[in-house]
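Residues per chain, in single letters:
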Amino acid sequence: MEFIQVTAENLEREHICCAIASGRDCQVLSKKSWLAERFDEGLTFWKADARGKCFIEYIHGENAWAPVEAEGLMWIDCLWVSGQLAGHGYADELLERCFMDTRAQGRQGMAILASDKKRGFLADPRFLEHKGFTVADQAGYFRLYWKPIDEMVQPPRFLDCAKSLRTGREGLVLYYTHQCPFTAKYAPVAQAAAERHGVPFQAVRLESGEQARENPSPFTAYSLFWQGEFVTHEIQSEKKIEKLLEALS
């Protein structure tokens, strides 16, 4: 398997793995626009030369779109290998590319968001532990994993704003970014469902790293709150959001 580094120069012609559709699809457009703005901040995106979910995306910890303190580390936004591409060692190869860049760029280790068990849209904790990562911090079911290179480096931590998993807003509140392409489609789905149920709804799209680092949940791509309490980070399809609203109301 060959791997391709997506850059500002080839972004327009390359697919982005997690959303393989028409180049005019809202999901593809939103993700590519987000990527284009991040390349200048040092973001790196490697993907398999194949149609499927097989990629890794990482950036310096200081520029992470997450409420974490990870100075000196490489922050892995997403490592995703699934479907027919899973089980061939590609996740190992992608992680090794990140590790090589971590050393080459003078970073002191790697950090990534996972959870207490395998959950959708988060790294598999069993895979991370197999690769030598350990838990540095936790908030609810979220786990902040890291693997240091320099033994003297301080472990990463969640910022206080994300530790309580609470927001002062009432009703159904969705915090999201276009880091994940699916939110361009499913944020409006959540809003439409809330309107059908007569539920107050607010959508808060995080449009900068600074805003993301103030998020009330460790997962900035999609975090849903009800009456100030965290509900889920998993992107809700129409069927799922309907079921959720029925349970909440």
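Residues numbered from 1 in each chain as written. Predicted model: local features only at pLDDT ≥ 70, side-chain atom pairs only at ≥ 80, totals over all residues. Heavy atoms only, no water.

Regarding the pattern of salt bridges
Consideration 1: Per the stated rule, a full pass over the model turns up 16 salt bridges.
Consideration 2: Here Asp92 makes a salt bridge to Lys131, at a shortest N to O gap of 2.9 Å. In this pair, Asp92 is assigned in helix 2 (residues 90-104) and Lys131 in the loop between helix 3 (125-130) and strand 7 (134-139), connecting sequence segments 39 residues apart.
Consideration 3: One salt bridge in this structure joins Arg126 and Asp124, with 3.7 Å as the shortest N-O distance.
Consideration 4: On the basis of relative accessible area, Arg126 is assigned to the exposed category, the value being 62%. (Salt bridge = Lys/Arg side-chain N within 4 Å of Asp/Glu carboxyl O. Helix = DSSP H or I, 4+ residues; strand = E, 2+ residues; numbered from the N terminus. Buried < 20%, exposed > 50% of the residue type's maximum accessible area, 1.4 Å probe, protein only.)

So, the nonpolar core
Consideration 1: Residues Leu35, Val68, Trp75, Phe142, Leu172 and Ile241 are the most contacted members of the largest nonpolar core, which totals 59 residues.
Consideration 2: Sort the elements by how many residues they give to this core and helix 5 (residues 183-196) lands first, with 6 residues.
Consideration 3: If sequence neighbours within four positions are ignored, Val68 has contacts with Trp75, Leu144, Arg157, Phe158 and Leu159.
Consideration 4: If you look at the next biggest cluster of nonpolar residues, it comprises 23 residues, including Leu94, Cys98, Ala123 and Phe133. (Core = buried A, V, L, I, M, F, W, Y, C linked by side-chain atoms within 4.5 Å. Contact = heavy atoms within 4.5 Å.)

Things to note about the packing of aromatic side chains
Consideration 1: Scanning all chains against the criterion turns up 12 aromatic pairs.
Consideration 2: Judged by centre distance (6.3 Å) and plane angle (80°), the ring pair of Phe3 and Tyr90 falls under edge-to-face. With a gap of 87 residues between them, Phe3 in strand 1 (residues 3-6) and Tyr90 in helix 2 connect regions that are remote in the sequence.
Consideration 3: Phe3 gets classed as buried once you look at its relative accessible area, which sits at 10%.
Consideration 4: What makes Tyr90 buried here is its relative accessible area of 14%.
Consideration 5: Taken together, the aromatic side chains of Phe45, Phe55, Trp80, Phe121 and Phe182 make up a single cluster linked through ring pairs.
Consideration 6: The aromatic ring of Trp34 is capped on one face by Arg38, whose charged end is 5.3 Å from the ring centroid. (Phe/Tyr/Trp six-rings, centres within 6.5 Å; stacked < 30°, edge-to-face > 60°. Lys NZ or Arg CZ within 6 Å of the ring centre and 35° of its normal.)

So, to be careful, I would describe these as geometric facts and stop short of saying anything about function.
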